[in-house]
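What follows is the residue order along each chain.
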Amino acid sequence: MGAGFSGLYMLHRLHGLGLSARVYEIGDGVGGTWYWNRYPGARCDVESVEYSYSFSADLQQTWDWTERYPSQPEILRYAEHVAGRFGLLRDIRFRTRVTRAVYDEAAARWQVETDRGDRVSARFLITAVGCLSAARVPGFPGVETFAGESYHTGRWPHEEVDFAGKRVAVIGTGSSGIQIIPVIAERAARVTVFQRTPNFTIPAWNRPLPPEEARRVKDDYDEIRRSMRASLFGIAAAFNPDSALEASERERREELEKRWAYGGPAFLGVFGDVAVDARANEIVAEFVREKIRETVDDPRVAETLSPRDHPIGTKRPCFDTDYYATFNRPDVHLVDLRRTPIEEITPTGLRTSESAYEVDTIVYATGYDAMTGPLLAIDVRGTGGAELRAKWAAGPRTYLGLMTAGFPNLFTITGPGSPSVLSNMFVSIEQHVDLIAGCLRHVAERGARTVEPDPGAEDAWTRHVGEVAEQTLYPRADSWYLGANVPGKPRVFMPYAGGVGVYRETCDEIAARGYEGFVLSP
Ligand code: N01
């Protein structure tokens, strides 16, 4: 299920194993999140040379990225290129949503249904549905009454949206809002930004990628990929293991300024204790607030933009182009929803507890039902008709984020309980797909019909995921990592916070011990 980067690579590996496979994809093209997120300014914040597949030396040597961070159109072209180059399109059914998947114990097969009336059966069912694909518009009263145009960043139309001369409201200041706001501000007559929680954002300093720089990376790719795989977040930038608390004032300043000037995710590797020690974290957080005060002319606006309710890095960090400076424009206004919440959407705009705002266009940059949302939107039933929704009602339970007990032969690429969204997704996707391919080979060699986790191994892993998160500052933020953005969703930290290097070693050891913790049935 899914023809984003995980589904595409999985299909390629299944071809290599000599298995027959079919991919169902809701969109009418490949690319997953990059197919849907066509909003102006959409760009990946991992560097292009690292946000790419490593499985084919030929591919990584022949594909040329043009910018330091790849734009959405360029990433989509890359996905389309990969699909064509590796002969994947013939096995993908587009415009087709899987609605139901029921495990038939007697046949040891999954019976899969789609919204186009397909009824197919498969030995293995692999979900490649993405972690951030269930877009969410909050249930503001009156949402459906708005007479102007409205868009969610994650469901952006294929045609260009014309903002010229328009009064635009943007709700949400996560990664998507922070990327789209400066671009809309360039085009619209007026932009009003509705902010609930201010976010920390670091300059990306995007720029063209000179061919000689790309050449150096290509010459050194083996080493770069090796260090990415062994790292915490799946990126090659050096992580400084030193403590912020032990560094002198001058050393701190130098390191922070150096990383700010470099930009992008490397900033958060500034000191080794930022993610685990509140005092170290506050040093880095205050440095960013200082930058906000330096950049934003109006001190009250600067203060409203300054995060104070969560440690830096505990909500997904953002990386921007001119975000804070955009608030110096006379045609951009910031509304603090903590002080004056939205009460309703009206036919002509929005009304907060304080004022009415007349607008032509509303942009919802309001995020996703992350990680579990896309999978639980499907009616998945395992052994004895058990519902996945019921099993995960108090939070996802998995072994390695890869499988869940009671659902034989069902694999979840970058599922909850794996590093996934806390990493460069390409590193996590390739590792999971390779792990699944290895497991399928193991099942075949043993002559087994089914594989699923031992419930004890699953309990221990689920506990471990929670314990690792508790050692960090992550649980201190109301983030989508914890499901906090979706009313009623259980508050459980979903990704594995131990880092992609440690996670990979753990998986490799488990595989070397004959897929310890997995049960094979004849
Ligand atoms: O979504 P978000 P996103 N009333 O959930 C606000 C990836 N990504 O689409 O923080 C008012 O982060 C909400 O406020 P609060 C990346 O992993 C990557 O921006 O909940 N406001 C928040 O400000 C990212 O983390 C890239 O208080 C409401 C915003 O809407 C993930 O996708 C680019 C509200 C949602 O922010 C999701 O990012 C884009 C309400 N009822 C995305 N409900 C790159 O690679 C929500 N909000 C660059």
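Heads up: these notes are all about the structure in this document. Model, not experiment: these values are computed from the prediction.

The rules behind the values
Residues numbered from 1 in each chain as written. Predicted model: local features only at pLDDT ≥ 70, side-chain atom pairs only at ≥ 80, totals over all residues. Heavy atoms only, no water. Phe/Tyr/Trp six-rings, centres within 6.5 Å; stacked < 30°, edge-to-face > 60°. Helix = DSSP H or I, 4+ residues; strand = E, 2+ residues; numbered from the N terminus. Buried < 20%, exposed > 50% of the residue type's maximum accessible area, 1.4 Å probe, protein only. Lys NZ or Arg CZ within 6 Å of the ring centre and 35° of its normal. Salt bridge = Lys/Arg side-chain N within 4 Å of Asp/Glu carboxyl O.

### What to know about the packing of aromatic side chains
- The final tally for this structure, using the stated rule, is 35 aromatic pairs.
- For the ring pair Trp63 and Tyr78, a centre distance of 5.1 Å and an interplane angle of 65 degrees mean the geometry is edge-to-face. Here the residue Trp63 occupies a position in the loop between helix H3 (57-62) and helix H4 (72-85), and Tyr78 occupies one in helix H4, the gap between them amounting to 15 residues.
- Taking the relative accessible area as the measure of exposure, Trp63 reaches 15% and is therefore buried.
- The structure contains a cluster of three or more aromatic residues connected by ring pairs, namely Phe5, Tyr9, Trp34, Tyr51, Tyr53, Phe55, Trp63, Trp65, Tyr78, Phe86 and Phe426.
- One Lys or Arg, Arg38, reaches over the ring of Tyr35 and ends 4.8 Å from the middle of that ring.

### So, unusual backbone geometry
- Despite not being glycine, Asn409 has its phi angle at roughly 60 degrees, a positive value.
- For Asn409, the location among the structural elements is in the loop between helix H13 (388-391) and strand S18 (410-412).
- Looking at Asn409, the relative accessible area reads 0%, which means it is buried.
- One non-glycine residue, Ser420, lies in the positive phi region at around 30 degrees.

### Let's talk about the pattern of salt bridges
- Within this structure, the stated rule accounts for 40 salt bridges.
- Among the ionic pairs, Asp360 bridges to Arg167, the shortest N-O distance being 2.9 Å. With Asp360 in the loop between strand S15 (356-358) and strand S16 (361-364) and Arg167 in strand S8 (residues 167-171), this pair connects stretches of sequence that are 193 residues apart.
- Under the relative-accessibility criterion, Asp360 is labelled partly exposed at 24%.
- A salt bridge links Glu186 to Arg329, with the nearest nitrogen and oxygen atoms 3.5 Å apart. Placement of Glu186 in helix H5 (residues 175-187) and of Arg329 in the loop between helix H11 (323-326) and strand S12 (332-336) is noted, with a sequence separation of 143 residues between them.
- Judged by its relative accessible area of 27%, Arg329 is partly exposed.
- Overlapping salt bridges bring together Arg100, Glu113, Arg119, Asp379, Arg381 and Glu387 as one network.

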